[in-house]
Amino acid sequence: MRHVKQAVAVLSFLAISPVHADSATAEALFRDGRDLIKHGKLAAGCDKIGASQKLDPSVGTLLNLGDCREKLGQLASAWGAFREAESLAKRKGGDDKRLAEASKRAAALEPKLSNIVIEVPQPVDGLIIRRGDEVVDRAAWNTPLPVDPATHVIVAEAPGFKPWRLEVAVDPRSRR
């Protein structure tokens, strides 16, 4: 009987430990990111905070991530982080101050966003459109999509058609 209790204790520990490991890792990444930002290494700090967010999502981490991305001029990424923070704060409840801050910061960025519109006037069967490595959902076609300033590669492919490729340079001052 003693061996059974020990096995249960070990199994319980194994089932719980990855969550705690993720939280501890997320906290270490967050602190390292804040330290890098404090020492002027903004891009590296943002990446650490983003990695922390993936491991242990929180409103505070998203607010920090949004602030960091905004400082880098990545307004669409910042806006997305603030909107995600707003949504998470609403779901969790009880954090009206952070909810209001996320909403205010996202609203302030919205008029400054650059957008790409992937116009598809006559879709054909099997058409797949990618922006970078990601497939653009059909629902997003013909809709302004917020993007960070950069060169975006758009690829369209469909059976029986020659693939189409376009590089779109989005300047921070452009709207669309």
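See the structure above.
Residues numbered from 1 in each chain as written. Predicted model: local features only at pLDDT ≥ 70, side-chain atom pairs only at ≥ 80, totals over all residues. Heavy atoms only, no water.

Asker: Lay out the packing of helix H4 (residues 75–92) against helix H5 (residues 96–109) with the relevant residues and their values.
Answerer: At a minimum axis distance of 8 Å, the contact between H4 and H5 shows a crossing angle of 150°. Considering the angle they form, H4 stands roughly antiparallel to H5. Here H4 and H5 pass one another in a crossing that is left-handed. Contacts between H4 and H5 involve Leu-75, Ala-78, Trp-79, Phe-82, Arg-83, Ala-85, Glu-86, Ala-89 and Lys-90 from the first element and Leu-99, Ala-102, Ser-103, Arg-105, Ala-106, Ala-107 and Leu-109 from the second. A per-class count over the contact of H4 with H5 returns 11 nonpolar, 1 polar and 4 charged. (Axes fitted to C-alpha atoms, helices over the stretch in contact; angles between N-to-C directions. Helix = DSSP H or I, 4+ residues; strand = E, 2+ residues; numbered from the N terminus. Parallel < 35°, antiparallel > 145°, perpendicular 65-115°, else oblique. Left-handed = near helix turned anticlockwise from the far one by under 90°. Contact = heavy atoms within 4.5 Å. Nonpolar A, V, L, I, M, F, W, Y, C, P; charged D, E, K, R; others polar.)

Asker: Go over helix H2 (residues 42–55) with me, naming the residues and quoting the values.
Answerer: Here H2 is 14 residues long and its end C-alpha atoms lie 20 Å apart, about the 20 Å a rise of 1.5 Å per residue gives. Along H2, the positions that sit buried rather than exposed are Gly-45, Cys-46, Ile-49, Gly-50, Ser-52 and Gln-53. One side of H2 holds all its buried residues, which, seen down the axis, span an arc of 160°. (Expected span 1.5 Å × (residues − 1). Buried < 20%, exposed > 50% of the residue type's maximum accessible area, 1.4 Å probe, protein only. Arc of directions from axis to C-beta.)

Asker: Tell me about the nonpolar core, and name the residues and values.
Answerer: Ranked by internal contacts, the top residues of the largest apolar core, which has 18 residues, are Val-59, Leu-62, Leu-63, Phe-82, Ala-85 and Leu-109. Looking at this core, the elements with two or more residues in it are helix H3 (59–71), H4 and H5. In this view, Leu-62 contacts Gln-53, Ala-81, Glu-84, Ala-85 and Leu-88; residues no more than four positions away in its chain are not counted. Grouped together as the second largest cluster of nonpolar side chains are 14 residues, Val-120, Leu-127, Val-136 and Leu-145 included. (Core = buried A, V, L, I, M, F, W, Y, C linked by side-chain atoms within 4.5 Å.)

Asker: Explain H4 to me, and be specific about the residues and the numbers.
Answerer: Along an α-helix, residues three or four apart share an orientation, since each turn contains 3.6 residues. When the terminal C-alpha atoms of H4 are compared, their 25 Å separation across 18 residues agrees well with the 26 Å that a helix rising 1.5 Å per residue should span. Here H4 has its buried residues at Leu-75, Ala-76, Ala-78, Ala-81, Phe-82, Ala-85, Glu-86, Leu-88 and Ala-89. Check the buried side of H4 and you find it contacts H3, H5 and strand S4 (144–147).

Asker: Pulling in residues and values, what's your account of the state of the cysteines?
Answerer: By the definition in use, this model includes 1 disulfide. In this model, Cys-46 is linked to Cys-68 through a disulfide, with the two sulfur atoms separated by 1.7 Å. Handedness of the Cys-46-Cys-68 disulfide follows from its S-S torsion of about -110°: it is left-handed. Of the two residues, Cys-46 is situated in helix H2 and Cys-68 in helix H3; the sequence distance between them amounts to 22 residues. (Disulfide = S-S within 2.5 Å.)

Asker: Outline the sheet that holds strand S6 (residues 164–170), supporting the account with residue identities and numerical values.
Answerer: Spatially, S3-S2-S5-S6 is the arrangement adopted by the 4 strands of the open sheet, whose pairing is antiparallel. Looking along the sheet, the strands with just one partner apiece sit at the ends: strand S3 (134–135) and S6. As paired strands, strand S5 (residues 150–157) and S6 are joined by 7 bridges and run antiparallel to one another. Residue pairing across strands places Ile-154 opposite Leu-166, the latter belonging to S6. (Pairing = 2+ DSSP bridges.)

Asker: Describe the packing of H2 against H3, naming the residues involved and giving the relevant values.
Answerer: At their nearest, the axes of H2 and H3 sit 9 Å apart, and the two run at 155° to each other. Accordingly, the angle class assigned to the pair H2 and H3 is roughly antiparallel. At the point where H2 passes H3, the crossing takes the left-handed sense. Across from Leu-42, Gly-45, Cys-46, Asp-47, Ile-49, Gly-50, Ser-52 and Gln-53 in H2, the residues of H3 making contact are Thr-61, Leu-62, Asn-64, Leu-65, Cys-68, Arg-69 and Lys-71. Among the residues making up the contact of H2 with H3, the classes are represented as 6 nonpolar, 6 polar and 3 charged.

Taken by themselves, the reported measurements are silent on function.
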